Amino acid sequence: MTKLFIAQVRDADGDKPLVTVRAEAEGEARLFLAAAYPEAEIASVTEPGDWTSDADTGARAGDIREHPGATWQPPSSLAD
C-alpha cells in the first residue's frame, strides 16, 4: 500500500513547485524522486500530515506530480 509524500526539490533554477510522490516508505520515495530529477537536489521528503489537495496526486507507487502554485512549507510541529 502506498502513502503520499511531499518533497522539496531544487534545481539550478531554484525551488520547484511542491512535488508529491506515492511510495511505500520515505526511502523508496527518495529513489523515485532521484530518478525523476537526476540533476536536482531532493532537499526534503516527508509525509504531508493533514495537507490536502484537490489536484491529482497519483495512485500507484512511483506516481510523481508537480503542483504549480503550491510551495514547500516545512511540516509544523505541535510539540511544545
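A. Local environment of the environment of Ala59. On the secondary structure map, Ala59 appears in the loop between β4 (41-46) and β5 (64-67). Separated by 57 residues in the primary sequence, Ala59 and Thr2 have C-alpha atoms spaced 7.8 Å apart. Sequence-distant contacts of Ala59, defined by excluding residues within four places in its chain, comprise Thr2 and Arg22.

B. Expanded view of the nonpolar core. One finds Phe5, Ala7, Val9, Val19, Val21, Ala23, Ala29, Leu33, Tyr37, Ala40, Ile42 and Val45 forming the largest nonpolar core, which totals 12 residues. When residues of this core are traced back to their parent elements, those giving at least two are β1 (3-11), β3 (18-23), α1 (26-36) and β4. Sequence-distant contacts of Phe5, defined by excluding residues within four places in its chain, comprise Val19, Thr20, Val21, Ala23, Ala25, Glu26, Ala29, Val45, Thr46, Glu47 and Pro48.

C. Up close: the side chain of Ser44. Along the polypeptide, Ser44 turns up in strand β4. Apart from the residues within four sequence positions on either side, Ser44 is in contact with Ile6, Ala7, Gln8, Arg30 and Trp72.

D. Spotlight on the confidence of the model for the chain. Across the chain, the average pLDDT comes to 86, with 90% of residues at or above 70. Within the chain, no element has a lower average pLDDT than strand β2 (residues 14-15), which sits at 90, and none a higher one than α1, at 97.

E. The pattern of salt bridges, seen in detail. The tally for this structure, following the rule as stated, stands at 7 salt bridges. Taking the shortest distance from any N to any O, the salt bridge between Lys16 and Glu66 comes out at 4.0 Å. A residue pair is termed long-range when its members are at least 10 positions apart, and Lys16 in the loop between β2 and β3 and Glu66 in strand β5 qualify at 50 residues. Taking the relative accessible area as the measure of exposure, Lys16 reaches 24% and is therefore partly exposed. Classification of Glu66 by relative accessible area gives partly exposed; the value is 36%. Here Arg30 ties to Glu26 by a salt bridge, and the two come within 3.2 Å at their closest N and O atoms. Of this pair, Arg30 and Glu26 both sit in helix α1, 4 residues apart, which is roughly one turn of the helix. Judged by relative accessible area, Arg30 falls into the partly exposed class, the value being 31%. Through salt bridges with shared partners, a single ionic network connects Arg10, Asp15 and Glu41.

Analysis parameters
For every chain, the first residue of the written sequence is number 1, and numbering continues from 1 along that sequence. Where totals are concerned, whole chains, interfaces and linings use all residues; where local detail is concerned, this predicted model gives features only for residues with pLDDT of at least 70, and gives and counts side-chain atom pairs only at 80 or more. As a rule here, side-chain values cover all heavy atoms of the structure and leave hydrogens and water aside. In this description a helix means any DSSP run of H or I spanning at least four residues, a strand means any run of E spanning at least two, and both kinds are numbered starting from the N terminus. Every residue pair with non-hydrogen atoms within 4.5 Å of one another is taken to be in contact. By convention a nonpolar core is built from buried Ala, Val, Leu, Ile, Met, Phe, Trp, Tyr and Cys residues, the set being connected through side-chain atoms within 4.5 Å. Three exposure classes are used, based on accessible area relative to the maximum for each residue type with a 1.4 Å probe and protein chains only: buried under 20%, partly exposed in between, and exposed over 50%. Along the chain, pLDDT gives the predictor's confidence residue by residue, from 0 to 100. The salt bridge definition used is simple: a Lys or Arg side-chain nitrogen within 4 Å of an Asp or Glu carboxyl oxygen.

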